[in-house]
Amino acid sequence: MTPPPKRSASDFVFGKVIGEGSFSTVYLAKDIHTSKEFAIKVLEKRHIIREKKMEYVSREKKVLQILSPCASHFVRLYCTFQDPERLYFVLTYAKNGELLPHLNKNGSFTIECTKYYTAELVLALEVLNSKGIIHRDLKPENILFDENWHILITDFGSAKILSSNEDRNEDENNKRRKNSFVGTAQYVSPELLKDTEAVFASDLWALGCIIYQMVSGLPPFRAGSEYLIFQKILKLEYEFPEGFDQTAKDLVEKLLVLSPSKRLGATDSQPYTSIRQHEFFSDIDWDNIGPPPRIIPYLPGCSDSSGNRNDNQIPDNLEPGLDHEKASRLQLDMICQPSSTPTRKKSETNKNIIELEPAEIERRLELQKMDKWHNLVEGNLILKQGLVDKRKGLFARRRMLLLTRGPHLYYVDPATMTLKGEIPWGAELRTEPKNFKIFFVHTPNRTYYLEDPEGYALEWCKAIDEVRAFYYPEQSQS
Ligand code: ATP
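Residues numbered from 1 in each chain as written. Predicted model: local features only at pLDDT ≥ 70, side-chain atom pairs only at ≥ 80, totals over all residues. Heavy atoms only, no water.

- Identification of the chain as 3-phosphoinositide-dependent protein kinase 1 from Ignelater luminosus is taken from an unreviewed UniProt entry.
- The record held by UniProt for the chain lists under Sequence similarities (unreviewed entry) the comment "Belongs to the protein kinase superfamily. AGC Ser/Thr protein kinase family. PDPK1 subfamily."
- Of the comments in the UniProt record for the chain, the one headed Subcellular location (unreviewed entry) reads "Cytoplasm". (UniProt positions renumbered as here; feature names shortened; annotations may be inferred.)

### What to know about the site of the ligand
- In the region of the ligand, 16 residues are neighbours, and S22, S24, K41, T92 and E98 sit closest.
- Contact between the ligand and S24: an oxygen atom at 2.4 Å from a side-chain N or O atom of the residue.
- Within the side chain of D155, one N or O atom sits 3.0 Å away from an oxygen atom of the ligand.
- Computed on the free molecule, the ligand has an accessible area of 610 Å², of which 82% lies beneath the protein chains in the complex.
- Elements represented by at least two residues in the shell around the ligand include exactly β1 (12-20), β2 (24-31) and β3 (37-44). (Near = heavy atom within 4 Å. Polar contact = N/O pair within 3.5 Å; in protein donor to acceptor, adjacent residues only side chain to side chain. Areas by Shrake-Rupley, 256 points an atom, 1.4 Å probe, with all protein chains shown as cover. Helix = DSSP H or I, 4+ residues; strand = E, 2+ residues; numbered from the N terminus.)

### Here's the deal with the pairing of β1
- Pairing analysis gives 6 bridges linking β1 to β2, with the strands arranged antiparallel. Note on β2: the bridge partner recorded for F14 is A29. (Pairing = 2+ DSSP bridges.)

### Some points on the pattern of salt bridges
- A complete count under the given rule lists 21 salt bridges for this structure.
- With a closest N to O distance of 3.2 Å, K160 and E197 form a salt bridge. Highlighted residues: K160 in strand β9 (residues 160-161) and E197 in the loop between α6 (190-193) and α7 (200-216), separated in sequence by 37 residues.
- Of the charged contacts, one joins E432 and K434 as a salt bridge, the two residues approaching to 3.0 Å between their closest N and O atoms. With respect to burial, E432 and K434 carry one shared label: buried.
- Each of the salt bridges in this network shares a partner with another, and the network as a whole consists of R7, D11 and D31. (Salt bridge = Lys/Arg side-chain N within 4 Å of Asp/Glu carboxyl O. Buried < 20%, exposed > 50% of the residue type's maximum accessible area, 1.4 Å probe, protein only.)

### Overview of the packing of aromatic side chains
- Applying the stated criterion to the full structure yields 25 aromatic pairs.
- Between F74 and F156, the ring centres sit 6.2 Å apart and the planes meet at 50°, which makes this aromatic pair tilted. Within this pair, whereas F74 is found in the loop between α2 (54-67) and β4 (77-82), its partner F156 is found in the loop between β8 (151-153) and β9, the two being separated by 82 residues in sequence. An identical accessibility class is assigned to F74 and F156; each is buried. (Phe/Tyr/Trp six-rings, centres within 6.5 Å; stacked < 30°, edge-to-face > 60°.)

See below:
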């Protein structure tokens with residue numbers, strides 16, 4: 001049989017750049033013969049040689065070649081070619097990008113979602129184990145989503161292939177090169193920090209970190225510098241935030257174990273049966289884990305985070321009648337329903353906060369100069385202010401939220417009086433009240449999850465919507 005003709009760059013139409021790495025640019029490209037889309041990773045030879053990354057590149061290619069026949073859960077390498085200046089890797093196009101921005105946008109994942117993607121990761125780690133491959137740099141940036149929202153693991157430049165002599169030699173070199181760790185500090189296992197050899201269970205440590213992050217919104221080991229993160233990892237110094245699912249916690253605790261051989265699954269004769277059997281996966285059918293659930297934010301404090309309740313049905317267990325308590329509860333339920341337009345509290349004023357005469361703006365600005373928040377808002381007139389809890393997953397931080405002309409939505413740490421950031425404004429900014437306390441501010445890249453302990457979430461949404469209608473009148477009508 002004749003081998004397929006060697007491809008070259010002229011077989012593809014190169015579209016937009018979809019990502020950049022330290023040594024590569026990734027393009028969305030279309031095969032001119034089949035119209036099929038690919039991600040083509042292009043590496044400048046000069047750059048690779050200058051940075052001494054030849055080994056890194058050839059390792060990535062080798063691992064991708066080993067994994068490509070078992071395509072699911074891994075980015076597949078369709079072919080490679082080169083020209084005098086560049087190397088080209090033709091890869092599966094992961095249409096839905098990296099896991100990390102989805103996690104950041106939503107704060108954290110629901111348990112259903114976490115369970116599903118953990119199960120896919122376990123299946124992928126089983127394949128890696130069976131092929132003698134340790135990833136060594138598993139993290140949410142290296143987990144991509146395909147068009148159907150299944151995971152595709154990528155970035156095998158740091159991987160280790162156990163059966164290969166070449167890699168054994170390379171490992172000896174690594175052992176001699178002390179403290180040469182490069183990568184993402186948060187997910188590195190203690191044995192890699194102690195210069196002992198990586199084992200399959202090093203990826204199980206990373207799995208524990210990723211599960212923790214999917215449930216809570218942040219990785220378990222966090223500190224101001226890599227050095228401090230490493231210290232925490234070596235001392236197993238981390239905590240579970242309140243509200244962390246108990247079964248997920250048990251699984252994480254069994255994976256984040258300092259001794260690699262004591263991690264759940266590490267000594268399985270058939271990897272990773274003991275992980276599959278963990279209670280966290282009790283309702284997973286490992287032979288067919290089914291389609292992925294929709295990625296939606298986990299909303300602690302709202303009874304149903306999916307918003308999929310059938311609200312048109314009256315539950316059987318309710319007593320007849322309507323007393324004061326029940327009326328309040330039903331009203332709250334109505335507001336909690338994401339699709340409905342919430343009714344406003346009676347106490348709210350109908351005055352529009354943004355439509356001010358120039359003289360009034362001047363007068364208020366003069367008064368504001370005496371206010372302690374004035375120096376933090378770049379001279380903009382504050383229209384509304386209040387303390388809110390800004391949530392990311394299960395973590396919440398108390399912030400002073402300052403809505404100003406401009407428009408701006410600044411948030412300040414009230415304890416240190418430092419400006420921590422601002423919610424970026426744009427025509428796409430949208431508010432979504434969840435109940436009297438909780439409201440979302442949606443932006444293209446992130447959903448800000450805010451909680452007003454005083455219960456004025458609806459007022460916040462009204463104020464932000466008015467400011468939006470004032471600055472972006474056309475988009476606000478749609
Ligand atoms: P570094 O080399 O610095 O570690 P990296 O491994 O992320 O970075 P690349 O593999 O070149 O570098 O990827 C660059 C970016 O391109 C990534 O951030 C990723 O989001 C995107 N990307 C890589 N491969 C694909 C793919 N197959 N489909 C879609 N996007 C991809």
